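Topology and contacts: notes
Residues per chain, in single letters:
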Amino acid sequence: MMSLRFFLLLLFQLSVSGILAINNEDPTDKTMEDFSGYPIHAPIDYSFAAPNTLLSFLSVDSTALENQIDELSTFSDTPAPSVTRILYTEKDVLARRYVKNLMGLSGLSVREDAVGNIFGRWDGYEPDLAPVATGSHIDAIPYSGKYDGVVGVLGAIEAINVLKRSGFKPKRSLEVVLFTSEEPTRFGIGCLGSRLLAGSKALAEALKTTVDAQNISFLEAARSAGYAKEQDDISTVFLKEGSYSAFLELHIEQGPILEAEGLSIGIVTAIAAPASLKVDFEGNGGHAGAVLMPNRNDAGLAAAELALDVEKHVLGSGSIDTVGTVGILELHPGAINSIPSKSHVEIDTRDIDEKRRNDVIEKIHQSATTIASKRGVRLSEFKIVNQDPPALSDKSVIEAMEATLKELNLTHKLMISRAYHDSLFMARVSPMGMLFIPCYKGYSHKPEEYASSHNIGNGVKVLALTLAKLSLNQ
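What this report covers is the structure whose coordinates are included nearby. Owing to the predicted nature of the structure, the values given are computational and were not obtained by experimental measurement.

Criteria and cut-off values
- Residues numbered from 1 in each chain as written.
- Predicted model: local features only at pLDDT ≥ 70, side-chain atom pairs only at ≥ 80, totals over all residues.
- Heavy atoms only, no water.
- Helix = DSSP H or I, 4+ residues; strand = E, 2+ residues; numbered from the N terminus.
- Buried < 20%, exposed > 50% of the residue type's maximum accessible area, 1.4 Å probe, protein only.
- Areas by Shrake-Rupley, 256 points an atom, 1.4 Å probe, with all protein chains shown as cover.
- Polar contact = N/O pair within 3.5 Å; in protein donor to acceptor, adjacent residues only side chain to side chain.
- Contact = heavy atoms within 4.5 Å.
- Pairing = 2+ DSSP bridges.
- Phe/Tyr/Trp six-rings, centres within 6.5 Å; stacked < 30°, edge-to-face > 60°.
- Lys NZ or Arg CZ within 6 Å of the ring centre and 35° of its normal.
- Axes fitted to C-alpha atoms, helices over the stretch in contact; angles between N-to-C directions.
- Parallel < 35°, antiparallel > 145°, perpendicular 65-115°, else oblique.
- Left-handed = near helix turned anticlockwise from the far one by under 90°.
- Nonpolar A, V, L, I, M, F, W, Y, C, P; charged D, E, K, R; others polar.
- Expected span 1.5 Å × (residues − 1).
- Arc of directions from axis to C-beta.
- 1 Å grid on protein atoms, 1.4 Å probe; cavity = no way out; pocket = protein on both sides within 12 Å on 5 of 7 lines; lining within 4 Å.
- Points joined across faces, edges and corners; volume = space filled by probe spheres on them.

**Here we look at the overall build of the protein**
Scanning the protein from N- to C-terminus turns up 14 helices and 17 strands. Taking all 474 residues of the protein together, 50% fall into the buried category. In the form shown here, the protein has an accessible surface area of approximately 21,300 Å², with 53% of it arising from carbon and sulfur atoms.

See the structure below:
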């Protein structure tokens, strides 16, 4: 006997041609409705159905989504095509308001925490179960592009819209999260919002005295944006482990692999762990012409030698997954005819293997000590600012994505994320997964950053169907 579910689905498909004329009475429709006992043109309730029955009804409004991405990019402190959106600035506040409005228009209930993490929830029919979450960030480093993070926020809202248009009803609630300050631009702390959600007590304490380059405190800046209003204690934002049943982030790859290989989706299996170092040397300044070379204690050359040693130690790790970057090198007094008396170096090193990365850090420390002694300068500071462990994607989330991709007939590959994301810290709260879409030549963090509407649409479909699967889990 034909199952009721299959029969209803067949009836729906047979009546597609009549949907455009819902207001016109069709005798055939009425006969079918009378026979089945169900209105043909009413939305189908998929709360009892397997998510793959949604396939025929997944429709991404790519034009609207592209327009939203373009509009959000106008909230910028630099002219197009670049985007600059710094934490708690006027443009950041306006961009947040724009996203909250989109959440509201999608029927999500919106709330914010003390540091400005924004949550938009679609209640499931078993709302007491831990929700499934998705999201990313919208802050942008100076002169960057308009897709980094944004695709994972606006795309998540569109994924909810896709499911709603299909008639799907989630069992577990679905929640879109806009994370505060994934970029470390203003206060030097990457993934600030997600670190706090993951319960970083050290960060919560440090933020009480943290200031930016203009000596504006974090709390002062947060209050200017409407957050942290009542108290200095921001540990109220901490989430308990298990607050979400799963977390999934959609993101542009920020690398060239998917585009080069002609693949639609990347499934992230692991996120490389970053460590940040600050190193200061102090030597003797002097006139660039008057002090002879054998008599110099040049702090600038000590910094330069250390930068080369960073490269040497990273290349010597034996793995292509080990990377290191000297992103900041500052000299004092910074005059062409003055020998540097002080130097400041900031180093980023990453790996998916925590021990291997930590071994590199130790070698960098040994080099700094040796260089200081050899050049007659003082190593006044060697500070590990952060030393995060890597994160592994959860097997169950990966399997849900793989099943979705098979159903959608999209090509994919398993891959590592060498950039870090809010997902790195959400893995401490719940099972985590990430999916990448291709971006033009792998460009990111610059105005040329670009992801096609087609690729974004594929990402949103995968996100929507995977969220549906995860929401129906026991």
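Let us keep going from here.
**Digging into the side chain of Arg-350**
One can find Arg-350 in strand 13 (residues 342-351). Of note is the side chain of Arg-350, whose polar atom sits 2.8 Å from the side chain of Asp-348. Apart from residues lying up to four places away in sequence, Arg-350 is in contact with Ala-272, Ala-273, Pro-274, Asp-321, Thr-322, Val-323, Arg-357, Arg-418, Ala-419 and Tyr-420.

**Re the environment of Ser-264**
For Ser-264, the position within the fold is in the loop between helix 9 (257-261) and strand 8 (265-271). Between the alpha carbons of Ser-264 and Ile-456 there is a distance of 9.7 Å; along the sequence they are 192 residues apart.

**Thoughts on the pairing of strand 17 (residues 432-437)**
Counting buried positions over the six residues of strand 17 gives six, a clear majority of the element. Taking every second residue as pointing to the same face, both faces of strand 17 are buried, with Met-432, Met-434 and Phe-436 on one and Gly-433, Leu-435 and Ile-437 on the other. One ladder, built from six bridges, connects strand 7 (residues 246-252) with strand 17; its direction is parallel. Each bridged residue has a counterpart across the sheet, and for Phe-247 the counterpart in strand 17 is Met-432. Pairing geometry for strand 8 and strand 17, over three bridges, is antiparallel. When the sheet's bridge partners are listed, Val-268 is paired in strand 17 with Met-434.

**Concerning the packing of aromatic side chains**
For the structure on display, the rule yields seven aromatic pairs. Ring geometry for Tyr-88 against Tyr-227: centres 6.0 Å apart, planes inclined by 40°, an arrangement best described as tilted. With Tyr-88 in the loop between strand 1 (83-85) and helix 4 (90-105) and Tyr-227 in the loop between helix 8 (218-224) and strand 7, this pair connects stretches of sequence that are 139 residues apart. A relative accessible area of 6% means that Tyr-227 is categorised as buried. Aromatic rings pair up to connect Tyr-88, Phe-187, Phe-218 and Tyr-227 into one cluster. The ring of Phe-119 carries Arg-111 above its face, with NZ or CZ at 3.9 Å from the centroid. A cation over an aromatic ring shows up here: Lys-446 above the ring of Tyr-443, its NZ or CZ 3.8 Å from the ring centre.

**Quick look at the packing of helix 4 against helix 5 (residues 150-166)**
Where helix 4 contacts helix 5, the two axes come as close as 10 Å, and the packing angle between them is 15°. Considering their axes alone, helix 4 and helix 5 lie roughly parallel with respect to each other. By crossing handedness, the relation of helix 4 to helix 5 is classed as left-handed. Across from Val-99, Leu-102 and Met-103 in helix 4, the residues of helix 5 making contact are Val-153, Leu-154 and Ile-157. When the residues that make up the contact of helix 4 with helix 5 are grouped by side-chain class, the tally is six nonpolar, no polar and no charged.

**Details of helix 4**
In an α-helix there are 3.6 residues to a turn, and that puts residues three or four apart on one side. For helix 4, spanning 16 residues, the distance from its first C-alpha to its last is 23 Å, which sits close to the expected 22 Å at 1.5 Å a residue. Within the sequence span of helix 4, burial applies to Asp-92, Ala-95, Arg-96, Tyr-98, Val-99, Leu-102 and Met-103. The arc enclosing the buried residues of helix 4, seen along the axis, measures out at 160°, which places them on a common side. Exposed positions of helix 4 whose direction lies more than 90 degrees from the buried face are Glu-90, Arg-97 and Leu-105. Structurally, helix 4 contributes buried residues whose contacts are with helix 3 (62-73), strand 1, strand 2 (109-112), strand 3 (118-122), helix 5 and strand 6 (174-179).

**Side note on empty space enclosed by the protein**
Under the definition given, this model contains three cavities of 30 Å³ or more. When its volume is computed, the largest cavity comes out at roughly 70 Å³. Every residue along the wall of the largest cavity is listed here: Val-60, Ser-62, Leu-65, Glu-66, Ile-69, Tyr-147, Tyr-450, Ala-451, Ser-452, Ser-453, Ile-456 and Gly-457. It is helix 3 that provides the largest number of residues to the lining of the largest cavity, a total of four residues. The residue makeup of the lining of the largest cavity, split by class, is seven nonpolar, four polar and one charged.

Just distances and angles here, no functional claims.
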